[in-house]
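# Observations on the model geometry
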Amino acid sequence: MANTNHMHNLTTLIKRLEAATSRLEDMAMTFEDASSSNRGGTAAVPTPTIPAPEPPKPETPLAPAVPSVPPQIEDFDALIKGEVQNFVDLGGKIGGLVTDQSKAVLQAFEAERVYLYVSTKAKKPQTLPPELMVDLHKASDTINNLRESNRPSPLFNHLSAVAEGIVALGWFFETKPADFVSEILAGVEYYGNKVLKEYKDKDRTHVEYIQAYYQIFKSLATYLRKHYPKGLTWNDPSGIDALEALGQVKTGSTPSSAKGVPPPPPPPPPVPTLNVSGGGAPPPPPPPPPPGVIPAPAATATAPDMSAVFEQLNQGDAITAGLRKVDKSQMTHKNPSLRAGSTVPDEHVKSRGKSPAPSKKPKPESMRGRKPPRKDLEGNKWLVENFDNPGEIVEISAQQNQSILISRCNKTVIKVSNKANAISIDNCAGLSIIVDSLVSSLEVIKCPKFALQIDGVVPTVLLDQVDGATIYLGLESLGTEVFSSKCTSVNLMLPPKEGTDEDTKECPIPEQIKSYVKDGSVVTEIVEHLG
């Protein structure tokens, strides 16, 4: 009985194991069918992906507040954008030299604006840094050079009017700048009124151009009476160094913006997500390279082998074996036509560089174009130039602190009234000059057929390369010292004694000198002709 029950239990267990095995096989077959259908392109259930968290947006830094411009700078900006810009636009319509000079005027006012802006930020320096005046000097030099280098131009009066007026931008050295600008405007009108008279019925643009230039300085004088009635002011109570202020003005920065907090770095990029079959997690990103690893240096290029060079040098006479023989038809000394072209007509022969052209000799004075005569007072110097047989006496009313420069005046009579400082004369032929008195000296260089009359006192006369000169001395100028070098035919005319009927005495300055050795030293004497 016991054995029968035992067999019954074993049979039941085997049936249950077979049923479980059958179910497992069915489940395995179902899973294989699903996988094969997914690979074959049938729709599969998508694996849900977890979206990456959105990175936090960086906070946008607040823009720095634009520093307020002082009222005097605002008004000066209005002057530049108004009167000065109108003047530049009219100059552009005329064109040429006028356009270039009007643009230089705009640059000068912009440089002045920088200088004024610096004065509102900085303390007054004990010694003015030259960096503050560099741009203004460049613009002023451009304006003056356009005038000086284009004197024969028909627009010379335009250039002169602008050059005379640009001096007004130096008002910050004056105690009454508005009056100073008004005085400069009077000098501008001397040349400007010539333009108005010449173009009154020709071209209205030229008239408006000069009137616009007048208006600039009228508005500048009004601006100075409002903001700087007693001269330029500095920010002495709380100002900074002048050079530091100059850097801030040119870069547009302020102390607060310079010390601001830098913006935060950008956020890291989001981690990419991958759809992996089977619902697995995405693989981690690759690790970064270990810090401190220095990349291997690139292999240096090997030095060129010089053995081939020495091998060619050791060939001796055979080194010229590879040269091509020049045919007679390609020899320039046998073919004048080749010398005219300066190249040999052969594509295999390189043309040599041109030899430098010989320097041109300067034209003689008779063939040169003469510049217009000029007699101007610039600062403390009189400039007298380019007079050629004017037919009348050129008079100069000088002062004791003024010097006179005379050049390229031919067949001209010049009279200097009052007492001057010094006179310098060069490259004048047939010049006659009458001098009252001088503080220092009168210097003459390269002036043939020169005549000088001294009515007062002249301490020294210097002659260099003068051929044919006559110097008339007065009773007060008998103490004048004459120094001559490389001069010929120079005579001193001495006045007769007072109360006598004697004639003027002519005394030549010696030209021949004798030198000899005596007692181990050189002795020099004047050669005298007696008998």
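One can find the structure itself at the top, above this paragraph.
Residues numbered from 1 in each chain as written. Predicted model: local features only at pLDDT ≥ 70, side-chain atom pairs only at ≥ 80, totals over all residues. Heavy atoms only, no water.

Turning next to the pairing of strand β6 (residues 422-426). Here strand β4 (residues 403-407) runs beside β6; their pairing, made up of 5 bridges, is parallel. Residue pairing in the sheet places I406 in a bridge with I425 of β6. Bridging between β6 and strand β8 (residues 441-445) involves 4 bridges; their strand directions are parallel. Along β8, the bridge assignment pairs S424 with E443. (Pairing = 2+ DSSP bridges. Helix = DSSP H or I, 4+ residues; strand = E, 2+ residues; numbered from the N terminus.)

Note on placement: K121 falls in helix α3 (residues 97-121). In the structure, K121 is positioned 127 residues away from Q248 in sequence and 9.3 Å away in space, judged by C-alpha atoms. Excluding anything up to four places from it in sequence, K121 contacts N235, G239, I240, A245, Q248 and V249. (Contact = heavy atoms within 4.5 Å.)

All right, on to the sheet that holds strand β2 (residues 381-385) then. Pairing is mixed in the open sheet, where 7 strands are placed in the order β1-β2-β4-β6-β8-β10-β12. Strands with a single pairing partner mark the edges of an open sheet, and in this sheet they are β1 (374-378) and β12 (481-485). Averaged over all adjacent pairs, the angle separating strand axes in this sheet is 10 degrees, with direction ignored. (Axes fitted to C-alpha atoms, helices over the stretch in contact; angles between N-to-C directions.)

Quick look at the sheet that holds strand β7 (residues 432-438) now. The mixed open sheet is built from 7 strands, whose spatial order is β3-β5-β7-β9-β11-β13-β14. The open sheet has two free edges, formed respectively by β3 (394-397) and β14 (505-508), since each of these has just one partner strand. Neighbouring strand axes in the sheet, compared pairwise and without regard to direction, differ in orientation by 15 degrees on average.

What follows is about the environment of N421. Mapping N421 onto the fold places it in the loop between β5 (413-420) and β6. Classification of N421 as partly exposed rests on a relative accessible area of 27%. On a C-alpha basis, the gap between N421 and L442 in space is 9.3 Å, while along the polypeptide they are 21 residues apart. Those residues in contact with N421 that lie beyond four places of it in its chain are Q399, Q400, N401, Q402, S403, L438, V439, S440 and S441. (Buried < 20%, exposed > 50% of the residue type's maximum accessible area, 1.4 Å probe, protein only.)

Looking along a regular strand, one sees the side chains alternate between the two faces of the sheet. Strand direction decides the pairing type here: β1 and β2, joined by 5 bridges, are antiparallel. Bridging from a neighbouring strand, R374 pairs with E385 of β2. Counting the residues between successive antiparallel strands, the hairpin from β1 to β2 contains 2 residues, one of them, G379, with a positive phi of roughly 70 degrees.

Here we come to the nonpolar core. Counting 64 residues, the largest nonpolar core has F87, F109, W171, V181 and L220 as the members making the most contacts within it. Sorting the residues of this core by element identifies α2 (71-94), α3, α4 (134-148), α5 (156-165), α6 (177-198), α7 (204-227) and α8 (242-251) as the ones contributing at least two each. Per-element accounting of this core gives the leading share, 12 residues, to α7. Of all hydrophobic cores here, the second largest spans 36 residues; its members include W382, I396, A398 and I423. (Core = buried A, V, L, I, M, F, W, Y, C linked by side-chain atoms within 4.5 Å.)

By themselves, these observations are geometric and do not establish any function.
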